[in-house]
Amino acid sequence: MRRLGAALAAAPAPAAAIPTARAGTAEEVRALCERFHRAQNERDPVSVRALLRDAPEFLRVGDGKSFRGPDTPVERMAAFQRLAVWRVEPLLERARVVEVAPEVACPHLPLDLSIGASEAEAAPFRWLVGMLCRRTGEGWRIAALFTTADNPAPGP
């Protein structure tokens, strides 16, 4: 029983006490997100892939499905990017970065995504993007990517 008490006393603070990222970390992670979205808009799968952590446990969750490995999200994006219109417009003023540990951060970013065979068919729709980013020897990399449609809460 004493061990349990000692373990609880040494446990980290509750999630509500986790501060947002330090200024340097937040700026570095936001810069990573900007490079990621710029590479998507430039339809540059090589640059997109270079920003993903090169590990088989890389995780992408979206559209109700889970995918492992860093090549699967690049292949999926490349398939959509064959259409005439592919445009990612991040809402950077609404982006938030939470530092989980000195080498790990989670950015949350709403964005407007336009996809279609023509501009007339490519009405933007809002997505929420969450990432797990890890600092590596090569700089910050995306280790996991979570996307979902933005379903705003109903007003009062």
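Residues numbered from 1 in each chain as written. Predicted model: local features only at pLDDT ≥ 70, side-chain atom pairs only at ≥ 80, totals over all residues. Heavy atoms only, no water.

1. Digging into the overall build of the protein
- In terms of regular secondary structure, the protein is built from four helices and seven strands.
- Across the 156 residues in the protein, those meeting the buried criterion constitute 37%.
- Across the protein, every contact between residues at least 6 apart in sequence was considered, and the portion connecting residues at least 24 apart equals 52%. (Helix = DSSP H or I, 4+ residues; strand = E, 2+ residues; numbered from the N terminus. Buried < 20%, exposed > 50% of the residue type's maximum accessible area, 1.4 Å probe, protein only. Contact = heavy atoms within 4.5 Å.)

2. Re the confidence of the model for the protein
- Put simply, the protein has an average pLDDT of 85, and 84% of its residues get 70 or more.
- When pLDDT is averaged over each helix and strand of the protein, the minimum, 39, is found for helix 1 (residues 2-10) and the maximum, 96, for helix 3 (residues 45-50).
- Counting contacts from residues 1-19, a segment whose pLDDT is below 50, to residues more than four positions away or on other chains yields four contacts. (pLDDT = per-residue confidence, 0-100.)

3. Comments concerning the environment of Glu138
- Considering the arrangement of structural elements, one finds Glu138 in the loop between strand 6 (125-136) and strand 7 (139-149).
- Accessibility expressed as a relative area gives 61% for Glu138, which makes it exposed.
- Taking C-alpha positions, Glu138 is 9.9 Å from Ala50, a pair spaced 88 residues apart along the chain.

4. Here's the deal with the pairing of strand 4 (residues 96-101)
- Pairing analysis gives five bridges linking strand 4 to strand 5 (residues 104-116), with the strands arranged antiparallel. Across the sheet, residue Val98 finds its bridge partner in strand 5, namely Cys106.
- Taken together, strand 4 and the strand that follows it, strand 5, pair antiparallel across an intervening segment of two residues. (Pairing = 2+ DSSP bridges.)

5. Topic: the packing of aromatic side chains
- For the structure on display, the rule yields two aromatic pairs.
- Plain terms: the ring middles of Phe80 and Trp86 are 6.3 Å apart, the flat faces sit at 20° to each other, and that makes the pair stacked.
- When its relative accessible area of 32% is taken as the criterion, Phe80 is described as partly exposed. (Phe/Tyr/Trp six-rings, centres within 6.5 Å; stacked < 30°, edge-to-face > 60°.)

6. Overview of unusual backbone geometry
- Phi is positive for Arg43, close to 55°, though the residue is something other than glycine.
- By the element assignment, Arg43 lies in the loop between helix 2 (23-41) and helix 3.
- The phi angle at Asp63 is positive, at roughly 55°, despite the residue not being glycine.
- In this structure, Asp63 sits in the loop between strand 1 (59-62) and strand 2 (65-68).
- Given the relative accessible area of 36%, Asp63 is considered partly exposed.

7. Some points on the environment of Leu32
- Residue placement: Leu32 occurs in helix 2.
- Distance from Leu32 to Ile142, taken between C-alpha atoms, is 8.3 Å for residues 110 residues apart in sequence.
- Beyond its immediate chain neighbours, meaning those up to four positions away, Leu32 contacts Leu51, Cys133, Trp140, Arg141 and Ile142.

8. Observations concerning the side chain of Gln81
- Along the polypeptide, Gln81 turns up in the loop between helix 4 (71-80) and strand 3 (85-90).
- At 2.9 Å, the side chain of Gln81 and the backbone oxygen of Gln40 are in polar contact.
- Gln81 has contacts with Gln40, Arg43 and Trp86, leaving out every residue within four places of it along the chain. (Polar contact = N/O pair within 3.5 Å; in protein donor to acceptor, adjacent residues only side chain to side chain.)

9. Focus: the pattern of salt bridges
- The tally for this structure, following the rule as stated, stands at nine salt bridges.
- The residue Arg49 makes a salt bridge to Asp54 at a minimum N-O spacing of 2.8 Å.
- Close ionic contact of Glu89 with Arg87 constitutes a salt bridge, the shortest N to O distance being 2.9 Å.
- The class of Glu89 is partly exposed, set by a relative accessible area of 36%.
- Relative accessible area serves as the criterion here: at 28%, Arg87 is assigned to the partly exposed category. (Salt bridge = Lys/Arg side-chain N within 4 Å of Asp/Glu carboxyl O.)

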